[in-house]
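The residues making up each chain are set out below.
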Amino acid sequence: MASYLYRLGKLSFRHRRIVLALWLLVLVGVGVGASTLSKPTSNTFTIPGVEAQKAIDLVGQRFPTVSADGAQALVIFEAPTGQTVDSAADQAAIAQTVASLSKLEAVSTVTNPFTVGKVSTDKTIALSTVTYKVQASALTSAEKDALQAAPAAAKQAGMTVTIGGDAIQDSAAGGSTEAIGVLVGAIVLAITFGSIVAAGLPLLTALIGVGVGLAGLLTLSHWVGLSSTAPILALMLGLAVGIDYALFIISRYRHELLKGVEPEEAVGLAAGTAGSAVVFAGLTVLIALSGLAVVGIPFLTVMGLAAAGTVAVAVLIALTLLPALLGFAGRKVTGARIPGLRRPDYDEEARDAKVSFGRRWVGFVVRHRWAAVVIPVIALGVIALPVTAMKTGLPDNGSAAVGSPAREAYDLVAKGFGPGVNGPLTLVLTGPAGQVSGVATELSTKFEALPDVASVGKPTVNKATDTALVSVVPKSGPSSDATKTLVNEIRDLAPSVKAEQNADLYVTGSTALQIDVSQKLTSALPVYLLVVISLALVLLLLVCRSILVPIKAALGFLLTIGSTFGALVAVYQWGWLGGVFGVSTPGPIVSFLPIIMIAILFGLAMDYEVFLVSRMREDFAHGAEATEAVKTGFRYGSRVVTAAAII
């Protein structure tokens, strides 16, 4: 591979105008495709095969007028201190609000608090539920503004109106944080290279790569549904690895120039050595991201493949466009120094060992190698201990930031009606036509007798009379262990219902979905780890020609993951240092977070492993003694890896 990449680098250098023109043509082409073919992304997701999703699908099929996955808004009316909401004037104002909401085109149903009994026992709070025909991601700004404007009459009557629910949540958006990342990247690159040209090239190639990748994704959205998080992850990782890969190749190119090698030959050598490491590093990232497909959750599969596609583009850019741009830059990457910054000198013979911190550090580590292994392993092991207490779930508004509209609405509902109203369970009962209604009524009595049940709604039967919906409101909040126990207790009744009543019982709702998603991800995690680590071990065997180095890398990665999750639990679940990290309400870790973190951390960890070890392996293959090869490889790779990690 090294010889092929050597020739590819020199070819791109010699035909730099053609290579640049082709990439610009690709960028324009996918840009046109994105502007003409792209479709909106979605914030919703499905979990095929789990009970909660089956129940949602059944509701959609058998209750066409019920929006099983439609957006929902909670409109909470609170009387002024010392007053109630049941006066004639207040009831009229609330009814006017309900009428205004009912006229909105996107709204499916609106409940009147006094009709459905959603008035608190002390008559100070009333709750209206607004259900939309479309998902939250499909609501326009005008429709959200209309929702906010509807309670004008209630506000004029002196009531405080708070609106919550997913209908008011903003769609995930990217751009601002990535712009900050580019700025930080520019500063880090300037310090790393001490040169304007050398610092600018990685940013330029990374931005072109991200542009091609994201435009390609948006073009594909015409045929493949994209979640709103897919482009964000693709942008984040595409930018990160795009800078990393260019940084590594340019670093080697400058090293060769400073040794007196001609630019074209230096590009070939950089592409053959550092470029080989980039290929293997890129493959490990592709494996980690594409491996998300084994989880069996469509939106994770799409998100992983979308990010993997952008990373693949970043590798191609680094191997072709970057050598072409180096052809235009020539020796300028070692010049055009930034005032006040010292340019790193890559000529070993010209360097004073006392000046190089990297040389002193690696010497210290090698001399005290056992301590350098044992102390970090113990420290990271201690940090990893909280991982044994990790609890996962889907977020609810009870963990939203204090003072946010979502949190205020959640707290008001809990205050007026109990925490369970924020996460009611929906029971779906299917059976022979004409018999389901009686079965549902009979079962409702059993449900009311369960310990954590606050109330059971009247069964709703479809036109075909073969399916009934029963709403069960728990006494506890959506994320509480008591509510999870209630879900399991109801599901335990399903076999007897099937045997005795010839009916099928399904449970859905936020808590049921939490349980099902967590179980599905937990069962998939070992398979995912086995797949990605096994394939990465094979790649590292090819890179390092060693068995121990890949095993060391895998064990180091597992220790990294353990300590990362341990810190995650301590801060976000237990609330340690919550004030520092802005954690106002500790709670369960989002179910999807661990597996996504593994994909990202695995890719980056193996990137840096390959960058460091490949240079050590190169020096060893050229005759250096093993310990000296480690020192040399570290000196040349550590600065690049540190800069890449910071970016």
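As the structure is a computational prediction, the values presented were derived from the model and not from experiment.

### Description of the nonpolar core
- Core analysis: the largest hydrophobic core is formed by 143 residues, its most contacted members being Y245, L300 and F592.
- If one sorts the elements of this core by residue count, helix 12 (residues 298-329) sits on top with 20 residues.
- With sequence-adjacent residues up to four places away left out, F592 is seen in contact with F45, I47, I297, F299, L300, L394, V517 and L521.
- A71, V119, A126 and A150 belong to the second largest nonpolar core, which has 27 residues in total.

### What to know about the environment of V630
- Looking at the element boundaries, V630 is found in helix 23 (residues 626-646).
- We classify V630 as partly exposed; its relative accessible area is 33%.
- Spatially, the C-alpha atom of V630 lies 8.3 Å from that of F620, the residues being 10 residues apart in sequence.
- With residues near it in sequence (within four places) discarded, V630 still touches V362 and M616.

### Section: the pattern of salt bridges
- If you walk through the whole model with that rule in mind, you get 15 salt bridges.
- E265 is the partner of K10 in a salt bridge, and the nearest nitrogen-oxygen pair spans 3.3 Å. A residue pair is termed long-range when its members are at least 10 positions apart, and K10 in helix 1 (residues 2-14) and E265 in helix 11 (residues 263-290) qualify at 255 residues.
- What makes K10 buried here is its relative accessible area of 17%.
- Residue E265 is classed as partly exposed on the basis of its relative accessible area, which comes to 27%.

### Description of the packing of helix 10 (residues 229-258) against helix 23
- At a closest axis distance of 10 Å, the pairing of helix 10 and helix 23 adopts a crossing angle of 150°. Between helix 10 and helix 23, the interaxial angle falls into the category roughly antiparallel. By crossing handedness, the relation of helix 10 to helix 23 is classed as right-handed. In this structure, helix 10 contributes D244, L247, F248, S251 and H255 to the contact, and helix 23 contributes Y636, V640, A643 and A644.
- Class assignment of the residues belonging to the contact of helix 10 with helix 23 gives a composition of six nonpolar, two polar and one charged.

### Side note on helix 3 (residues 51-62)
- With 12 residues, helix 3 extends 16 Å between its outermost C-alpha atoms, agreeing within 8% with the 16 Å of an ideal straight helix rising 1.5 Å per residue.
- By the burial criterion, the buried members of helix 3 are A52, Q53, A55, L58 and V59.
- Looking at the packing, one finds that the buried side of helix 3 touches strand 6 (425-430), strand 9 (467-474), helix 17 (481-492), strand 10 (504-508) and helix 19 (510-544).

### Remarks on the sheet that holds strand 3 (residues 125-132)
- The strand order across the open sheet built from four strands is 2-3-1-4, with neighbouring strands paired in antiparallel fashion. Edge positions in the sheet fall to strand 2 (107-110) and strand 4 (160-164), since each has one partner strand and no second. Recorded for the sheet is a direction-independent mean angle of 20° between the axes of neighbouring strands.
- Where strand 1 (residues 72-78) meets strand 4, five bridges bridge the pair, whose relative direction is antiparallel. Bridge pairing links L74 to G164 in strand 4.
- Along the sheet, helix 4 (residues 88-102) makes contact with strand 1, strand 2 and strand 3, crossing strand 2 at roughly 160°.

### Topic: a nonpolar patch on the surface
- Taken together, the side chains of W370, V373, V374, V377, I378, V382 and L385 define a hydrophobic patch exposed on the protein surface, amounting to about 720 Å² of accessible area.
- Looking at the element boundaries, V377 is found in helix 14 (residues 369-384).
- When its relative accessible area of 41% is taken as the criterion, V377 is described as partly exposed.

### Quick notes on unusual backbone geometry
- With phi around 65°, K123 is a residue other than glycine that occupies positive phi space.
- Along the chain, K123 turns up in the loop between helix 5 (113-116) and strand 3.
- Taking relative accessible area as the criterion, K123 reaches 37% and is therefore assigned partly exposed.
- A positive phi angle, close to 55°, is found at N502, a residue other than glycine.
- Along the chain, N502 falls in the loop between helix 18 (494-501) and strand 10.
- Residue N502 is classed as partly exposed on the basis of its relative accessible area of 45%.

### A closer look at the layout of surface pockets
- As a volume, the second largest pocket reaches approximately 1,900 Å³.
- Lining the second largest pocket are 42 residues; nearest its centre among them are V365, K552, E609, L612 and M616.
- The set of elements that each furnish at least two residues to the lining of the second largest pocket consists of helix 13 (357-367), helix 14, helix 20 (548-573), helix 22 (593-621) and helix 23.

### Let's talk about helix 1
- Given a rise of 1.5 Å per residue, 13 residues ought to cover 18 Å, and the 18 Å separating the end C-alpha atoms of helix 1 matches this to within 8%.
- Every buried residue of helix 1 is accounted for by L5, L8, G9, K10, S12 and F13.

### Quick look at the packing of aromatic side chains
- For the coordinates displayed, the defined rule picks out seven aromatic pairs.
- Between F299 and F592, the aromatic rings sit 4.9 Å apart at their centres with planes inclined by 85°, giving edge-to-face as the arrangement. One end of the pair, F299, is in helix 12; the other, F592, is in the loop between strand 11 (589-590) and helix 22, with 293 residues separating them in the sequence. No difference in accessibility class separates F299 from F592, as the two residues are buried.
- Ring centres of F357 and W361 lie 6.3 Å apart, and the angle between their planes is 20°; on these two criteria the pair is classed as stacked. Of the two residues, F357 and W361 both sit in helix 13, four residues apart, roughly one turn of that helix.
- One aromatic cluster in this structure is built from Y245, F248 and F611.
- In this structure, R16 packs its charged tip against the face of F13, placed 5.2 Å from the ring centre.

### Some words on the confidence of the model for the protein chain
- With 94% of its residues at a pLDDT of 70 or more, the protein chain has an overall mean of 88.
- By mean pLDDT, the top-scoring element of the protein chain is helix 14 (96), and the lowest-scoring one is helix 8 (residues 176-193) (82).
- Confidence drops under a pLDDT of 50 for residues 345-354, and excluding neighbours within four residues, the segment shows 19 contacts in the predicted structure.

### So, the packing of helix 13 against helix 23
- The N-to-C vectors of helix 13 and helix 23 enclose an angle of 145°; their axes lie 9 Å apart at closest approach. The two elements helix 13 and helix 23 meet at a crossing, and its hand is right-handed. For the pair formed by helix 13 and helix 23, the contact residues are G358, R359, W361, V362, G363 and V366 on the first element and T627, V630, K631, F634 and R635 on the second.
- In terms of residue class, the contact of helix 13 with helix 23 is built from five nonpolar, three polar and three charged.

### Structural notes on the side chain of R615
- By the secondary structure assignment, R615 is in helix 22.
- Excluding anything up to four places from it in sequence, R615 contacts R252, H255, G633 and Y636.

Thresholds applied
- Residues numbered from 1 in each chain as written.
- Predicted model: local features only at pLDDT ≥ 70, side-chain atom pairs only at ≥ 80, totals over all residues.
- Heavy atoms only, no water.
- Core = buried A, V, L, I, M, F, W, Y, C linked by side-chain atoms within 4.5 Å.
- Buried < 20%, exposed > 50% of the residue type's maximum accessible area, 1.4 Å probe, protein only.
- Helix = DSSP H or I, 4+ residues; strand = E, 2+ residues; numbered from the N terminus.
- Contact = heavy atoms within 4.5 Å.
- Salt bridge = Lys/Arg side-chain N within 4 Å of Asp/Glu carboxyl O.
- Axes fitted to C-alpha atoms, helices over the stretch in contact; angles between N-to-C directions.
- Parallel < 35°, antiparallel > 145°, perpendicular 65-115°, else oblique.
- Left-handed = near helix turned anticlockwise from the far one by under 90°.
- Nonpolar A, V, L, I, M, F, W, Y, C, P; charged D, E, K, R; others polar.
- Expected span 1.5 Å × (residues − 1).
- Pairing = 2+ DSSP bridges.
- Patch = residues over 30% accessible without salt bridge, like charges linked within 9 Å, V, L, I, M, F, W, Y side chains within 5 Å.
- Areas by Shrake-Rupley, 256 points an atom, 1.4 Å probe, with all protein chains shown as cover.
- 1 Å grid on protein atoms, 1.4 Å probe; cavity = no way out; pocket = protein on both sides within 12 Å on 5 of 7 lines; lining within 4 Å.
- Points joined across faces, edges and corners; volume = space filled by probe spheres on them.
- Phe/Tyr/Trp six-rings, centres within 6.5 Å; stacked < 30°, edge-to-face > 60°.
- Lys NZ or Arg CZ within 6 Å of the ring centre and 35° of its normal.
- pLDDT = per-residue confidence, 0-100.

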